[in-house]
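Structure at a glance
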Amino acid sequence: MADRVCVMLKGKIVEHGPVADIFANPKHAYTQRLLAAEPKGQANPVRADAPTVVEAGPIKVWFPIKRGFLQRTVGHVKAVDGVSIRIREGETVGVVGESGSGKTTLGLAILRLISSEGPVMFLGQRIDGLQSRQIRPLRKNLQVVFQDPYGSLSPRLSVAEIVEEGLLVQKRGLTYAERRNVVARALDDVGLDPATMDRYPHEFSGGQRQRIAIARAMALEPQFVVLDEPTSALDMSVQAQIVELLRDLQQRHNLAYMFISHDLKVVRALANHVVVMQNGTIVEEGQAESLFAAPRTDYTRALFAAAFDLETAEADIVRD
């Protein structure tokens, strides 16, 4: 879109010029890092005998459309319509699709944060019929990291208070000192200095805030984590760091991830298996490597073209 580019670092413009010149011959080291920054690498391998952590479906989440003075139901929005999914220990299942395709609704239904129809199994136990009080002990094993690191952290709480929120509910026997130790370990686990735990979210960058959100989830030692577009609000260089962090945490703790995203470059770097959703249904799924190499449906090919044609265009600028 741009004719000229200005590259900023710590409040100062460190390089500027025509788009073609900056992309073809970046002079400043920071510009070079930005242009090279992209989630890279491959998903962690999954053991052949890895147990199933989550198995759900077919799941339906229909929202009623009500009209008239009496608010009668005249139809439904089929946000999720007969979707099935299985995620094993140490596996990342990427769920992709355009906005409104039902990705986040599916994740919230599996976590039992919204009601749905259809079986949801966690470690062989059916949880979709459990009441709030019955499912509460399982919450420590079912965690979520939200999209917006600016909106998902309370500005009124310190980092320590944010990370220990779940501990106050799930591990009530811990003393204040023990909770502080757990918070310190969680922050260290995500690459943050535990000495910063008494600071507030506004004192951290976007990438650091997302690390805090990840630490909050990891403090409870979960087995299954829904990652709802956790890199979409971050710049490219920080995206790559968060992807590396998520891979490292998964490998160390054998975590099962459901990774929701519309950023196919991030999905390609993190997912073992990919599910493509459109209008609340699955239109295609398969092993990530095979799906990226040879998508079968027109919709999947269109998604990939939208994501990866941009890569070709950027490469053309550099070559020109």
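Structure's up top.
Description of the structure in this document. Just so it is clear, the model here is predicted, and its values are computed rather than measured.

The rules behind the values
Residues numbered from 1 in each chain as written. Predicted model: local features only at pLDDT ≥ 70, side-chain atom pairs only at ≥ 80, totals over all residues. Heavy atoms only, no water. Helix = DSSP H or I, 4+ residues; strand = E, 2+ residues; numbered from the N terminus. Buried < 20%, exposed > 50% of the residue type's maximum accessible area, 1.4 Å probe, protein only. Contact = heavy atoms within 4.5 Å. Areas by Shrake-Rupley, 256 points an atom, 1.4 Å probe, with all protein chains shown as cover. Phe/Tyr/Trp six-rings, centres within 6.5 Å; stacked < 30°, edge-to-face > 60°. Lys NZ or Arg CZ within 6 Å of the ring centre and 35° of its normal. Core = buried A, V, L, I, M, F, W, Y, C linked by side-chain atoms within 4.5 Å. Pairing = 2+ DSSP bridges. Axes fitted to C-alpha atoms, helices over the stretch in contact; angles between N-to-C directions. Salt bridge = Lys/Arg side-chain N within 4 Å of Asp/Glu carboxyl O.

1. Focus: the overall build of the chain
Along its length, the chain carries twelve helices and twelve strands. The principal-axis extents of the C-alpha atoms in the chain amount to approximately 60 × 55 × 55 Å. Residue burial in the chain is summarised as follows: out of 320 residues, 46% are buried. Taking all contacts inside the chain whose residues are at least 6 apart in sequence as the whole, residues at least 24 apart take part in 66%. Entry remark: accessible area of the chain is about 16500 Å², with carbon and sulfur atoms responsible for 51%.

2. Side note on the side chain of serine 101
Its place among the elements puts serine 101 in the loop between β5 (92-96) and α3 (103-110). Residues contacting serine 101, with those up to four places away along its chain left out, are Ala79, Met277, Gln278, Asn279 and Gly280.

3. Examining the packing of aromatic side chains
Under the criterion given, the structure shown has one aromatic pair. Aromatic pair phenylalanine 292 and phenylalanine 304: ring centres 4.9 Å apart, planes at 10 degrees, arrangement stacked. Highlighted residues: phenylalanine 292 in helix α11 (residues 288-293) and phenylalanine 304 in helix α12 (residues 298-319), separated in sequence by twelve residues. Here phenylalanine 304 falls in the buried class, since its relative accessible area comes to 6%. Positioned over the ring face of tryptophan 62 is lysine 60, at 4.2 Å from the centre of the ring. We note arginine 199 situated over the ring of phenylalanine 204; from NZ or CZ to the ring centre the distance is 4.7 Å.

4. As for unusual backbone geometry
Look at the link from glycine 57 to proline 58: it is a cis peptide, with omega at 0 degrees. Topologically, proline 58 is positioned in strand β3 (residues 52-67). Here the phi dihedral of asparagine 254 falls at roughly 55 degrees; this positive angle occurs in a residue that is not glycine. Here asparagine 254 lies in the loop between α9 (236-253) and β10 (256-260). According to the relative accessible area criterion, asparagine 254 is partly exposed, its value standing at 39%. We note that asparagine 279 has phi near 50 degrees; this positive angle belongs to a residue other than glycine.

5. Some words on the nonpolar core
Ranked by internal contacts, the top residues of the largest apolar core, which has 53 residues, are Val163, Ile214 and Val274. With near-sequence residues (within four places) excluded, isoleucine 214 lies in contact with Val145, Val190, Ile242, Leu245, Leu246 and Leu249. Among the nonpolar cores identified, the runner-up in size contains 29 residues, and Ala109, Val120, Phe224 and Val275 belong to it.

6. Brief notes about the environment of proline 149
Counting through the fold element by element, proline 149 comes out in the loop between β8 (142-145) and α5 (159-163). Taking the C-alpha atoms as reference points, proline 149 and arginine 211, 62 residues apart in sequence, are found 8.6 Å from one another. Excluding residues that lie within four positions of it along the chain, proline 149 makes contacts with Gly206, Arg209, Gln210, Ala233 and Leu234.

7. Here we look at the sheet that holds β5
Ordered by their spatial adjacency, six strands build an open sheet running β8-β9-β10-β5-β11-β12, and the pairing between neighbours is mixed. Here the strands that pair on one side only, and so sit at the sheet edges, are β8 and β12 (281-287). Sheet twist, expressed as the average angle between the axes of neighbouring strands with direction ignored, equals 15 degrees. Pairing between β5 and strand β11 (residues 273-278): four bridges, direction parallel. Bridging from a neighbouring strand, valine 93 pairs with histidine 273 of β11. Helix-sheet contacts for α3 involve β5, β9 (224-228), β10 and β11, and the interaxial angle to β10 is about 150 degrees.

8. Regarding the sheet that holds strand β6 (residues 120-122)
Ordered in space as β4-β3-β6-β7, the four strands form an open sheet in which the pairing is antiparallel. One side of each edge strand has no neighbouring strand; the edge strands of this open sheet are β4 (72-88) and β7 (125-126). Bridge count between β3 and β4: 13 bridges; the pairing is antiparallel. Residue alanine 56 lies in a different strand from β4, and its bridge partner there is isoleucine 85.

9. Details of the pattern of salt bridges
The tally for this structure, following the rule as stated, stands at 13 salt bridges. The salt bridge partner of arginine 126 is aspartate 128, with a shortest N-O separation of 2.6 Å. When the shortest N-O distance is used, the salt bridge between arginine 216 and glutamate 165 registers 3.8 Å. In this pair, arginine 216 is assigned in helix α8 (residues 206-218) and glutamate 165 in helix α6 (residues 165-170), connecting sequence segments 51 residues apart. Its relative accessible area of 19% is what places arginine 216 among the buried residues. Residue glutamate 165 is classed as partly exposed on the basis of its relative accessible area, which comes to 38%. Salt bridges here are not isolated pairs; linked through shared partners, they connect Arg47, Asp49 and Glu89.

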